[in-house]
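Topology and contacts: notes
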Amino acid sequence: MYTEDQLRARDFVDLHDQVQTSVNLLDSLENFLSTFQKDLSAVSGQISNLQDRSKDIDNRLKSRRKIEKPLANLLVDLCIPPALATLILDTRVSEDWIPAIVEFERRLDILKVRVRVKAARDMSEVAEGLRIVAATKLRTFFLALLEPVRNSMTTNWQVLQSSVWMKYRPLYVFLQRHAPNVAHEVQRGYAAAVRTYYETGFRRYLRGLSWIKARTVEKPDNIAAGAGESPDPESDPTRLSYARVDGPGVVMAYMADDKTHKEPLEALVRSALLVLMDNATAEYSFITSFFAHEPRPTMPSKESSGSVASPPMLSPTNGEFDEARSNPGSDFGGGESVGPRRRLSSFTSLMSTAAAEPTAKEELTALNALWKQVMDPVLDYCQTFIQNAIEPPPPVVPLLTMIRLTEDVMSEVQRRNCGPLETYVFTIRLKMWPAFQKLMAEHIDSLKKFADGATASYFRRGTTTDTAVSSICRRYVNVFNSFVALTDQAEETMIFSNLLRLRQELSKLIVTHTDKLTDPAAKARALCQFYELLLQGLSNGPHPASHPKAQSELAYWRQRDEEARRRVASTHVRR
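Overview of the structure.

The rules behind these values
- Residues numbered from 1 in each chain as written.
- Predicted model: local features only at pLDDT ≥ 70, side-chain atom pairs only at ≥ 80, totals over all residues.
- Heavy atoms only, no water.
- Salt bridge = Lys/Arg side-chain N within 4 Å of Asp/Glu carboxyl O.
- Helix = DSSP H or I, 4+ residues; strand = E, 2+ residues; numbered from the N terminus.
- Buried < 20%, exposed > 50% of the residue type's maximum accessible area, 1.4 Å probe, protein only.
- Phe/Tyr/Trp six-rings, centres within 6.5 Å; stacked < 30°, edge-to-face > 60°.
- Lys NZ or Arg CZ within 6 Å of the ring centre and 35° of its normal.

1. Observations regarding the pattern of salt bridges
The full count for this structure, using the stated rule, is 25 salt bridges. Glu-407 is the partner of Arg-404 in a salt bridge, and the nearest nitrogen-oxygen pair spans 3.1 Å. Of the two residues, Arg-404 and Glu-407 are both situated in helix 12 (residues 396-415); the distance of three residues between them amounts to about one turn of the helix. A residue is classified by how much of its surface remains accessible, and Arg-404, at 6% relative accessible area, is buried. Between Glu-492 and Arg-404 there is a salt bridge, with its nearest N and O atoms 2.8 Å apart. Here the residue Glu-492 occupies a position in the loop between helix 14 (466-485) and helix 15 (493-514), and Arg-404 occupies one in helix 12, the gap between them amounting to 88 residues. Judged by its relative accessible area of 14%, Glu-492 falls in the buried class.

In structure tokens:
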């Protein structure tokens, strides 16, 4: 039994040892699993960190790609191409400069706008040097364009203006915006050269017209002067065509060299006014087109900058960075803080340091003053010529023809939109009306005195004759027909009130003259003779038959003629 117990005890001891070994193994496994769990947690943390870094790198890549194109455009805009710089520095001004200067101006404006970018500030010194060189060459170029008008009067200035000066206007606009002092110098040089050109040309032309004018002198004899004793003044209806802009050709300067060449006074005045109108309106159109200030573009229009709209002028990504801003002191940050940048409200606020552009009213005033500076001598010469044409006053019909001409010229000048010249022509027209009224008053007074019986010192004979009265009737018909032909309006007080007074005096003269006849039949026949003469002349006049005043005048004298014929018939019945 002892032996059996010992054997069992030994088995228990072995079993205990095995259990202890298993427990030790389990403890070792537990320690291993615990260590593995710690290592696994560490690896999981590292993977999480790697994922975060991967996301951060991905976000940065997206941000880089987002600003890549705007930043490339920014770099392109901030640089000045070598070809552009070489063109400005090494070549003369030509047609190639026109697109080059437009591009150069665009880059100058961008550099001004990008003033907070260090690269733009550095490049601005180079751009300033190119600007000075360009302004110097353009000044020489534009002043050289004035040499043809300085050296020759045969230069066709309007052709040069339209084909050369207007073609190079973008270059002058560049001077206006970036070198205003040079632009003003070019403008002053232009005004001086063209003023001399027009002054010389018009002085010679008007001098030739004055020579032609001196060859024919028309005295403003009144309607009763020399009636029945001297031939009636010749009536030429074709001279009425000088009252219109659309009419005969103007008198050419070379015609004055022919000493036998003559022209009526109204043709000379018309030539002077039409030549003035054509040259003055053409010059005004050029000045208001070439020297006018062109508004600055709101933004550079090049396609490469299309993605850089006005809000992102200071930030190529519209202010939406997903990563931190550049560090202070870098090219993109400057000395600013890393916080969001404050945007400027508009392009004009960025250009506040530039010269303010004039308002439309101020600019128009300046352009009118420039035109007046150029045309002042011409206006003075023309005013003197026209003043000499109406003082002493010409016959009343040519004077009214000139008045109608000024009215037609004013309408054409209004159509061409030349305000200063319109005022000038209107002033001339105002000076002509008092002379016209004075002549009409003299006609009426002379007819009145003739009817009342003038003294021998005023007329050679104190009594009237049939020949004298017939001559006055023909002169009246000529005046009336001419006035109506020159008057489009149905009612014009200045014209028809004077004609009415003249008709009243003529009617009184006819009645007074025929009252000297004692025989009623002879008196009535004499009245019919005068009235028939008037009706025949009025019916064959150059005026339109539909004019109300022409119809009224015919009706008036026809009624008088019918009354006289009834008297003739009644005298025959009595006999």
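Resuming the write-up.
2. Remarks on the packing of aromatic side chains
In this structure the tally under the stated criterion is 26 aromatic pairs. Look at Tyr-556 and Trp-557: their rings are 5.0 Å apart centre to centre, the planes differ by 80°, and that puts the pair in the edge-to-face class. No difference in accessibility class separates Tyr-556 from Trp-557, as the two residues are buried. By the ring-pair criterion, three or more aromatic residues cluster together here, those being Phe-141, Phe-142, Trp-157, Trp-165, Tyr-168, Tyr-172, Tyr-190, Phe-286, Phe-290 and Phe-291. Sitting over the face of the ring of Tyr-556, Arg-503 holds its NZ or CZ atom 3.9 Å from the ring centroid.

3. Quick word on unusual backbone geometry
With an omega dihedral of -5°, the bond running from Glu-391 to Pro-392 counts as a cis peptide bond. Residue placement: Pro-392 occurs in the loop between helix 11 (360-390) and helix 12. In this model, Asn-417 sits at a positive phi of 60°, which is unusual for a non-glycine residue. Looking at the element boundaries, Asn-417 is found in the loop between helix 12 and helix 13 (419-452).

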